[in-house]
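Here is what each chain is made of, one letter per residue.
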Amino acid sequence: MLQFSVRGMRVDCADEGASKMANTVVVGAMWGDESKGKLIDYLAHDKDVVVRWGGGSNAGHTVVVGDQEYKLHLVPAGILHPETLCVVADGVVLDPASFVGELETLQARGISCENLKISGNAHVVLPYHRLLDELEEKRKGAKALGTTGRGIGPAYQDKAARTGIRMRDFVNPQLFPAKLAEALEYKNQLLTKIYGAEPMDAATILDQLLPHAEKLRPYVDDTALRVAYAARSGKEVLFEGAQATLLDIDLGTYPYVTSSHPSAGGSCIGTGLGPTQIDQIIAVSKSYTTRVGAGAFPTEQVNALGDLIRERGAEYGTTTGRPRRCGWLDGVALRYSALVNGLTDLYLGHMDVLCGFDEVKIATAYMLDGEKIVDFPSDQDRLCRCEPVYMTLPGWKEDVSDIREYAALPENAQRFIEAVEQLIEVPITMVSVGRRRDQTIFRGR
Ligand code: IMP
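In what follows, the accompanying structure is described. Starting from 1, residues in each chain are numbered consecutively following that chain's sequence as written. The predicted origin of the model limits local features to residues at a pLDDT of at least 70 and limits the giving and counting of side-chain atom pairs to 80 or more, whereas totals for whole chains, interfaces and linings rest on all residues. In computing side-chain values, all of the structure's heavy atoms are included and hydrogens and water are not.

Here we take up the overall build of the chain. Each helix is a run of H or I in the DSSP string that is no shorter than four residues. Each strand is a run of E no shorter than two, and both are numbered from the N terminus. When you go through the chain residue by residue, the secondary structure sums to twelve helices and 21 strands. When the backbone C-alpha atoms are referred to their principal axes, the chain occupies close to 65 × 50 × 40 Å. Accessibility here uses a 1.4 Å probe with only protein chains present; expressed as a share of the type maximum, an area under 20% marks a residue as buried, one over 50% as exposed, and anything in between as partly exposed. The burial tally for the chain puts 58% of its 445 residues in the buried class. Note on definitions: a residue-residue contact is assigned when non-hydrogen atoms from the two residues lie within 4.5 Å. Taking all contacts inside the chain whose residues are at least 6 apart in sequence as the whole, residues at least 24 apart take part in 75%.

Alternating positions in strand β4 (residues 49–52) separate into two faces, Val-49 and Val-51 on one and Val-50 and Arg-52 on the other, with burial throughout. Sheet topology note: the β4/strand β7 (residues 85–88) ladder contains four bridges and is parallel. Opposite Val-51, over in β7, you have Val-87 as the bridge partner. Alignment of β4 against strand β12 (residues 237–240), held across four bridges, turns out to be parallel. Residue pairing in the sheet places Arg-52 in a bridge with Glu-240 of β12. Between any two strands, pairing holds if DSSP finds at least two bridges.

Axis angles are defined between N-to-C directions and span 0 to 180 degrees, where every axis is a line fitted to C-alpha atoms and, for a helix, only to the segment in contact. Put simply, helix α6 (residues 176–194) and helix α7 (residues 202–216) touch, their axes get as near as 10 Å, and they point 135 degrees apart. If you check the angle between α6 and α7, you find them oblique. Of the two possible hands of crossing, α6 and α7 adopt the one that is right-handed. Between α6 and α7, the contacting residues are Phe-176, Pro-177, Leu-180 and Leu-184 on the first element and Ala-202, Ile-205, Leu-206, Leu-209 and Leu-210 on the second. Throughout, the term roughly parallel applies to angles under 35 degrees, roughly antiparallel to angles over 145, roughly perpendicular to angles from 65 to 115, and oblique to all others. Handedness of each helix crossing follows the sense of rotation of the near helix against the far helix: counterclockwise by less than a right angle gives left-handed, clockwise gives right-handed.

A few words now on the environment of Asp-279. Counting through the fold element by element, Asp-279 comes out in the loop between β12 and β13 (280–286). With 16 residues separating them in the primary sequence, Asp-279 and Gly-295 have C-alpha atoms 33 Å apart. Separated by 2.8 Å, the side chain of Asp-279 and the backbone nitrogen of Asn-23 make a polar contact. In the analysis that follows, any N or O atom pair within 3.5 Å is treated as a polar contact, provided that within protein one partner can donate a hydrogen and the other can accept it, and provided that, for residues neighboring in sequence, both atoms belong to side chains.

Now for the site of the ligand. Near the ligand you find 15 residues, and of these Asp-33, Asn-58, Thr-148, Thr-258 and Arg-322 are the closest. Here an oxygen atom of the ligand and a backbone polar atom of Val-292 are 3.4 Å apart. The contact in question runs from an oxygen atom of the ligand to an N or O atom on the side chain of Arg-322, over 3.0 Å. Residue exposure ignores everything except the shown protein chains as possible cover, and the areas themselves are Shrake-Rupley values with a 1.4 Å probe. Summarising the interface, the protein chains cover 97% of the accessible area of the ligand, which totals 460 Å² for the free molecule. For the shell around the ligand, the class distribution of residues is six nonpolar, seven polar and two charged. Here a residue counts as near a molecule or strand whenever at least one of its heavy atoms sits within 4 Å of it. Each residue receives one of three labels: charged for Asp, Glu, Lys and Arg, nonpolar for Ala, Val, Leu, Ile, Met, Phe, Trp, Tyr, Cys and Pro, and polar for the others, Gly being one of them.

What follows deals with the side chain of Glu-34. With respect to the secondary-structure elements, Glu-34 resides in the loop between β3 (24–28) and α1 (36–44). What makes Glu-34 buried here is its relative accessible area of 3%. Among the polar contacts listed, one links the side chain of Glu-34 to the backbone nitrogen of Met-30, at a separation of 2.8 Å. Engagement of the side chain of Glu-34 in a polar contact is seen with the backbone nitrogen of Gly-32, the distance being 3.0 Å. With sequence-adjacent residues up to four places away left out, Glu-34 is seen in contact with Gly-28, Ala-29, Gln-243, Ala-244, Val-284, Ser-285, Lys-286 and His-350.

This next bit is on the pattern of salt bridges. Between Lys or Arg on one side and Asp or Glu on the other, a salt bridge is scored when a side-chain nitrogen of the former is within 4 Å of a carboxyl oxygen of the latter. For the structure shown, the criterion picks out 27 salt bridges. The salt bridge involving Asp-222 is made with Arg-168; its shortest N-O contact spans 3.3 Å. On the criterion of sequence distance, the pair formed by Asp-222 in the loop between β11 (220–221) and α8 (223–232) and Arg-168 in helix α5 (residues 167–170) is long-range, its members being 54 residues apart. For Asp-222, a relative accessible area of 44% gives the class partly exposed. A salt bridge links Arg-217 to Glu-214; its shortest N-O distance comes to 2.9 Å. One network of salt bridges, in which partners are shared, links Asp-33, Lys-286, Glu-315 and Arg-324.

Fair warning: the whole summary comes from geometry, so function is off the table for now.
Now the structure itself:
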């Protein structure tokens, strides 16, 4: 029997799987790549609706079901459950070619995409966004952000400037060509006069994109209303986060962030549910920390230890293949994430990767300019001067990947988990010990 609490009420749950919670948000705890896809896929089997609320094909989820591996970028991971309504909501920026490619790959593997809906308000990533992303990174030189190069920043820039093209207009053959021509007038000035690049040709872009618009038209919908009505009729919604809290444009380590709101609050923007309708907010964290792209990372290990974690954890980007920067678990950043997301639960993953170390470390504070601080400074200027203060715990040698019960974990692994829990003051209700769906340990509170 598992026990969970919903709005302060204890709920007993006979099911051996995850709790049945009405509306659940899943976020990445730190800088992304926490393997949210596995939890989302697991929770989706119990939900009626799965909503992806932000980001674009900069994200990458790998879901392993049996011996099958699925790499998803924009299509919600709920797609692997045929009964689940999958929604790409307003806050997403959608690259048509990459989205259609993903759909076709799934369909070729026998996955039905019939229950997929795309918000007409989602913005389109156009070829000039990708080019501008690349040119802007080059222009910045040593100060480059290390973006994924998927045109995300420039697409959100257009959205905020109110010059973007939305999905509803993209799939309307009467509107899209004129909107594209208007946008290109300005973009070509930018390309040629600021970046010294070649202008782009509207006819070539139309040739490339109109077939994709045809394919995507049937999926375009008023998704916010659909989700709102589903929730009102008692359906359960899962919000699938992409990227992670410290990459949030407001709460994250600006400017080394993405251009959307991957923290929990973002799940309510443009999706059809308001904050009062969220019952559970789960962050996914690894039992160590990784980061891709540039920006301060106090617990980074640029040494053999970092290389070992990278190799054991296969820490290479799903989207770009880039090696991830690796280090000890940053408890200061994790506590910040718990606070600003209003977490109800933490899912601690990759415990199998930490096996075999004599000792393991968790940063519990930072030294900043000779002073010990416990609160995470999200501004780059202070963060890059922080030195971690570690709590050192004994490691565990036993392989944990076949363990399915908390009590069967090595004592030192339990100690590690409980130390994290105490530090962030949020219950760790799930522990992952491997990539497969079944390699998960569920704990009561
Ligand atoms: P952008 O989202 O491509 O503009 O990249 C901005 C920053 O966010 C870069 O540091 C990227 O490496 C990082 N980023 C974007 N998406 C992800 C993700 O899914 N996982 C990890 N980092 C990401």
